[in-house]
2 protein chains.
Amino acid sequence: MLDSSSSSPAPLFLDCDTGVDDALAIAWLVASPGVDLVGVGAVSGNVAAATGARNTLDLLALLGREDVPVHLGAHDFLDHPFSGGAPHVHGADGTGGVALPRAATEVSGTSAAQALVDAARAHAGELRLLAIGPLTNVALALELEPELPRLVREVVIMGGAAMAPGNVTAVAEANVHNDPLAAARVVDAGFDLTVVGLDVTMHQRFEEEHRQALLAAGTPVTRVLGEVLEFYFAFYAERFGRPCSVLHDPLAAGVATGDVRLSLAPRVPVAVDATDGPGRGQTIADLRGLYHGFPGSPPVGPGAARVALEVGGDFGAVLLERLLTL
Amino acid sequence: MLDSSSSSPAPLFLDCDTGVDDALAIAWLVASPGVDLVGVGAVSGNVAAATGARNTLDLLALLGREDVPVHLGAHDFLDHPFSGGAPHVHGADGTGGVALPRAATEVSGTSAAQALVDAARAHAGELRLLAIGPLTNVALALELEPELPRLVREVVIMGGAAMAPGNVTAVAEANVHNDPLAAARVVDAGFDLTVVGLDVTMHQRFEEEHRQALLAAGTPVTRVLGEVLEFYFAFYAERFGRPCSVLHDPLAAGVATGDVRLSLAPRVPVAVDATDGPGRGQTIADLRGLYHGFPGSPPVGPGAARVALEVGGDFGAVLLERLLTL
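As the structure is a prediction and not an experimental result, all values here were calculated from the model.

Right, let's get into the overall build of chain A. In terms of regular secondary structure, chain A is built from 13 helices and 13 strands. For 326 residues, the compact-globule estimate of 2.2 N^0.38 gives 20 Å, and chain A sits close to it at 18 Å. Taken along the three principal axes of its C-alpha coordinates, chain A extends 50 × 45 × 45 Å. A burial count over chain A gives 60% of its 326 residues as buried. Once local pairs closer than 6 in sequence are excluded, the contacts in chain A between residues at least 24 apart make up 82%.

And the structure:
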């Protein structure tokens, strides 16, 4: 993770499927002085890639960052088509039915995969990649540039569920389940990889008081974020008994910017189940060390990752504070 | 689980792969007034089925229960051969290198699968089945008698790992991993099924003081059990930093006899991964209800089971106390 005490902003490329919680993550990144958002790729997931790209353009304009290029990525997954996303969670438009002011900007002429490769070459050894949607674009970038794991400094993904239950099957989290083959390739590629999954994201919440604080702040950005969250909160209200939301993508963004302390995050072997069996889409982390304190040398290289199991502190409060600066 | 306040002993059939912790479980069952051990099947697992059967015969004789018939079961698993068991855990002989006094009794002429079917018919609606090895024999019994789930009152298995890491792969527990196809058939058969896996067994321990107490009691049974445990303790000492053992099979036996209180054991959908993928042998319990308190009606019937997640109390102390009555 980014050392937040470093002096110059760290170049960061985002791949996302905007999406309500992606919108919060984008706002977080723009509000974070430690990172320089050099580009954004859009992939299908919560919504179709083109919809997510449009939402991202509009949100970046609202944030005063029309200068950040947005690149259209994969509509379909590596070995199966996109099938409609999660309109019951994010709304059919990905922004909970709230129409964002339409920006004048359009997607770049470069694909998300190529743009990631270009950014990695331009910032060789320095670029951070934060991927908060299915990993299709990243897998495609690996095809374009097999040396990507050496060019990119570190990768943080929102995905998986190591010991926690899944959210789309008993064991699979949505991003990984959408494109298990892509996730398997990314995990096996040898990136310096941190996996931020449901073990931690399910326990970090944005509450109605946070949402009301955004609305009350009344800037164009905070008002839109507060409005966009209403639909998302309603989805979780059915599950948790009160309007609130978990913080999947923003927490991963907080890890990428170095603001979230992972109090338990062992580096262990990781594999993705890309079979058609009952475990399809599961991110299998080898946590047998939990039985005896992870002795010995942690694995490095392909098929290993830092797996977030516990987070210190309440990220919802930190997130709100930073969003209120917008 | 058996209601321990009921008056007459409940008929119970055991299927096992004796094995050090199987030996403790057998001793527990013989010492438990609430159950009537009507027969034992032997399956390959910790050791070959024939070795496990011999160990069981010798142990039952030592316990004064030569009357309990022991039935030889499957040497090979449903879709692959037995490959040698776990001599590093249980010793090549399954009794940690301790030669048990050789009993005069021999295995019955009835297979373990047929004997289970016969017992289920003889005690229709009353028989309890405790299966603490791979589920090959139980799957074979289902082939002989598809009505077995209606004839058997309840099944308790030692197997699986729901949220806990596995012990032979990142996600698979040894009994289920030995014969995933058999486990899948048993889970899908529609038994009243309780799954006692690593989530609970890994946290219940027998310590060196327990073993010394067995040796000091000095009866033929307690002395042999104390001696047999030495090798098993040495295996775990390498992992836990002190001589001790976890209590896989005895804890399942304690659940079957109604002496172990499961403080968290939701009835949820369960599936076994019988693919050749990275999740092979995983017992997939759908615990998504953990995120919001398991609302709604728990599933019943095929593909559902009560999954032990938490145990109240220290079973090691309870186990020792009962073994000291032998």
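On to the side chain of Ser44 of chain A. Residue and element names in this part refer to chain A. Turning to its location among the elements, Ser44 is positioned in the loop between β2 (35-42) and α2 (49-62). A distance of 2.7 Å separates the side chain of Ser44 from the backbone oxygen of His75, its partner in a polar contact. Setting aside residues up to four positions removed in sequence, Ser44 forms contacts with Asp17, Ala49, Ala74, His75, Phe77, Phe82 and Pro134.

Next up on the list: the relation of the copies chain A and chain B. Turning chain A through 180° and shifting it by 0.0 Å along the axis lays it on chain B, with an RMSD of 0.0 Å. Here the two chains are linked by the operation of a two-fold rotation axis. When each C-alpha of chain A is compared by its distance to the rotation axis, Met163 of chain A comes out closest, at 2.5 Å. Here 100% of the interface residues in chain A have copies in chain B that are interface residues too; the copies meet face to matching face.

Attention shifts here to the sheet that holds strand β10 (residues 267-272) of chain B. Residues and elements named next belong to chain B. The strand order across the open sheet built from nine strands is β3-β2-β1-β4-β5-β6-β12-β10-β11, with neighbouring strands paired in mixed fashion. For this open sheet the edge positions go to β3 (70-72) and β11 (283-285), each flanked by a neighbour on one side alone. Averaged over all neighbouring strand pairs, the angle between strand axes comes to 30°, with direction disregarded. Pairing between strand β1 (residues 10-16) and strand β2 (residues 35-42): seven bridges, direction parallel. Residue pairing across strands places Pro11 opposite Asp36, the latter belonging to β2. Contacts from helix α2 (residues 49-62) reach β1, β2 and β3 within the one sheet, and its direction differs from that of β3 by about 175°.

Turning our attention to the packing of aromatic side chains. Throughout the structure, instances matching the rule amount to ten aromatic pairs over all chains. Ring centres of Phe235 of chain A and Tyr236 of chain A lie 4.9 Å apart, and the angle between their planes is 80°; this geometry places the pair in the edge-to-face category. In terms of burial, Phe235 of chain A and Tyr236 of chain A fall into one category: buried. Within the aromatic cluster, the residues linked to one another by ring pairs are Tyr232, Phe235, Tyr236 and Phe240 of chain A. The residue whose ring lies beneath Arg205 of chain B is Phe240 of chain B, and the NZ or CZ to ring-centre distance is 3.9 Å.

Residue and element names in this part refer to chain A. Overall, mixed pairing links the nine strands, which are arranged β3-β2-β1-β4-β5-β6-β12-β10-β11 in an open sheet. The open sheet is flanked by β3 (70-72) and β11 (283-285), the only strands paired with a single partner. For this sheet, the mean inter-axis angle between neighbouring strands, taken without regard to orientation, is 30°. Contacts from helix α8 (residues 180-188) reach β6 (193-196), β10 (267-272) and β12 (304-307), with the element oriented near 150° to β10.

This part is about the interface of chain A and chain B. If you look at the interface, chain A gives 29 residues, while chain B gives 29 residues. Scanning the region where chain A abuts chain B turns up zero salt bridges. On inspection of chain A and its partner chain B, the count reaches four residue pairs in polar contact (both at pLDDT 80 or more). Those elements that provide at least two residues to the side of chain A that touches chain B are α11 (220-240), β10 and β11 of chain A. In terms of residue class, the side of chain A that touches chain B is built from 17 nonpolar, eight polar and four charged.

With that settled, the discussion passes to the environment of Arg185 of chain A. Residues and elements named next belong to chain A. Mapped onto the elements, Arg185 comes out in helix α8. The exposure class of Arg185 is partly exposed, given its relative accessible area of 36%. Separated by 91 residues in sequence, Arg185 and Gly94 have C-alpha atoms that sit 27 Å apart. Ignoring sequence-local partners within four residues, the contact set of Arg185 consists of Leu78, Leu142 and Glu143.

This part covers helix α1 (residues 20-31) of chain A. In an α-helix there are 3.6 residues to a turn, and that puts residues three or four apart on one side. Taking 1.5 Å of rise per residue, the twelve residues of α1 of chain A would be expected to cover 16 Å, and the 17 Å separating its terminal C-alpha atoms lies within 8% of that figure. Within the sequence span of α1 of chain A, burial applies to Val20, Asp21, Asp22, Ala23, Leu24, Ala25, Ile26, Ala27, Trp28, Leu29, Val30 and Ala31 of chain A.

This next bit is on the pairing of strand β5 (residues 152-158) of chain A. All names here are of chain A. Burial analysis of β5 places six of its seven residues in the buried class, the great majority of the element. Across five bridges, the pairing between strand β4 (residues 127-131) and β5 is parallel. Bridging from a neighbouring strand, Leu129 pairs with Val155 of β5. Pairing between β5 and β6: four bridges, direction parallel.

Here the focus is the side chain of Thr201 of chain A. All names here are of chain A. You can see Thr201 is positioned in helix α9 (residues 198-201). There is a polar contact of 2.7 Å between the side chain of Thr201 and the side chain of His248. Those residues within four positions of Thr201 in sequence are excluded, and the remaining contacts are Met158, Val196, Val246, Leu247, His248 and Leu251.

Of note, the amide linkage connecting Thr18 of chain A to Gly19 of chain A takes the cis form, showing an omega dihedral of -5°. Positionally, Gly19 of chain A belongs in the loop between β1 (10-16) and α1.

The rules behind the values
- Residues numbered from 1 in each chain as written.
- Chains lettered and ligands numbered in written order.
- Predicted model: local features only at pLDDT ≥ 70, side-chain atom pairs only at ≥ 80, totals over all residues.
- Heavy atoms only, no water.
- Helix = DSSP H or I, 4+ residues; strand = E, 2+ residues; numbered from the N terminus.
- Rg over C-alpha atoms; globule rule 2.2 N^0.38 Å.
- Buried < 20%, exposed > 50% of the residue type's maximum accessible area, 1.4 Å probe, protein only.
- Contact = heavy atoms within 4.5 Å.
- Polar contact = N/O pair within 3.5 Å; in protein donor to acceptor, adjacent residues only side chain to side chain.
- Least-squares fit on C-alpha atoms with pLDDT ≥ 70 in both.
- Pairing = 2+ DSSP bridges.
- Axes fitted to C-alpha atoms, helices over the stretch in contact; angles between N-to-C directions.
- Phe/Tyr/Trp six-rings, centres within 6.5 Å; stacked < 30°, edge-to-face > 60°.
- Lys NZ or Arg CZ within 6 Å of the ring centre and 35° of its normal.
- Salt bridge = Lys/Arg side-chain N within 4 Å of Asp/Glu carboxyl O.
- Nonpolar A, V, L, I, M, F, W, Y, C, P; charged D, E, K, R; others polar.
- Expected span 1.5 Å × (residues − 1).

Honestly, that's just the spatial picture; any functional story needs more than this.
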